[in-house]
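# Structure at a glance
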Amino acid sequence: QVQLVESGGGLVHAGGSLRLSCAASGRTLSSYTMGWFRQAPGKEREFVAHINWSGSITYYADSVKGRFTISRDNAKNTVYLQMNSLKPEDTAVYYCAARPRARVVFTTISGYDDWGQGTQVTVSS
C-alpha cells in the first residue's frame, strides 16, 4: 500500500494555471501506475489522466486533452498535474490514485487501489 497526499489546489480565474502535486510514501513510486481523477459537486468521480510507471505513456480524458499534462519524478516520489487554460467546469476536488504497474491504461476508479484525500480546485469565471 502506498500513501498519497495531494497539494497545489486553490482558486484561480478562468484561463489561469495550477500545478497539482501528489507525494507518495510507503513504497517506491516507480512500482506504480498513477492516475488523476476529479469529482465536482453532485457528480461522480471521473478520470482525468494516466501515466505509466516510467512516464513514457500518458493518456487523458477528452475534456482536458491539450490543456492538462501529467508527469512524474520517481526520484522525488511525486506525480504532477499541470493544468493550463482552466475553465469553470474544471472546478472539482482532484484526487491522485495508484495501482501496481501494468501494461494497460486504466481509466476507471476500480482500476486503482490507493487514493489520496483530494485537493480542491476552484475556477472562477
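For the structure, see preceding data.
The structure contained in this document is the topic of the report that follows. (Residues numbered from 1 in each chain as written. Predicted model: local features only at pLDDT ≥ 70, side-chain atom pairs only at ≥ 80, totals over all residues. Heavy atoms only, no water.)

## With respect to the nonpolar core
With 35 residues, the main nonpolar core has Met34, Trp36, Leu81, Met83 and Tyr94 as its most contacted residues. With 5 residues, the top contributor of residues to this core is strand E9 (residues 92–100). Not counting residues within four places of it along the chain, the set of residues in contact with Tyr94 comprises Glu6, Leu20, Trp36, Phe37, Arg38, Val48, Phe68, Leu81, Met83, Gly118, Thr119 and Val121. (Core = buried A, V, L, I, M, F, W, Y, C linked by side-chain atoms within 4.5 Å. Buried < 20%, exposed > 50% of the residue type's maximum accessible area, 1.4 Å probe, protein only. Helix = DSSP H or I, 4+ residues; strand = E, 2+ residues; numbered from the N terminus. Contact = heavy atoms within 4.5 Å.)

## Notes on the packing of aromatic side chains
To describe a pair of aromatic rings, you give the distance between the ring centres and the angle between the ring planes. Scanning the model with the defined rule gives 6 aromatic pairs in all. Ring geometry for Phe37 and Phe47: centres 5.7 Å apart, planes at 80 degrees, overall edge-to-face. Taken as a pair, Phe37 in strand E4 (residues 32–39) and Phe47 in strand E5 (residues 46–51) lie far apart in primary sequence, 10 residues in all. A residue is classified by how much of its surface remains accessible, and Phe37, at 1% relative accessible area, is buried. Judged by its relative accessible area of 11%, Phe47 is buried. Seen in terms of ring centroids, Phe37 and Tyr112 are 5.4 Å apart; in terms of plane orientation they differ by 80 degrees. Their pairing is edge-to-face. Of this pair, Phe37 sits in strand E4 while Tyr112 sits in the loop between E9 and strand E10 (114–115), and the two are 75 residues apart along the sequence. (Phe/Tyr/Trp six-rings, centres within 6.5 Å; stacked < 30°, edge-to-face > 60°.)

## Section: unusual backbone geometry
Backbone phi values are negative for most residues with the exception of glycine, while trans is the configuration of most peptide bonds. Despite not being glycine, Asn77 has its phi angle at roughly 55 degrees, a positive value. Within the element layout of this structure, Asn77 appears in the loop between strand E7 (68–73) and strand E8 (78–83). The residue Ser85 is not glycine, and still its phi comes out positive at about 50 degrees. The class for Ser85 is partly exposed, based on a relative accessible area of 42%.

## Overview of the pattern of salt bridges
One pass over the full model with this rule turns up 4 salt bridges. Among the salt bridges present, the one from Arg38 reaches Asp90, with a minimum N-O distance of 2.9 Å. Taken together, the residues Arg38 in strand E4 and Asp90 in the loop between E8 and E9 connect sequence positions 52 residues apart. Its salt-bridge partner being Asp62, residue Lys65 comes within 3.0 Å of it at the nearest N-O pair. Classification of Lys65 by relative accessible area gives partly exposed; the value is 49%. Residue classification places Asp62 among the exposed positions, given a relative accessible area of 69%. In this structure, a network of salt bridges that share partners links the residues Arg38, Glu46, Arg67 and Asp90. (Salt bridge = Lys/Arg side-chain N within 4 Å of Asp/Glu carboxyl O.)

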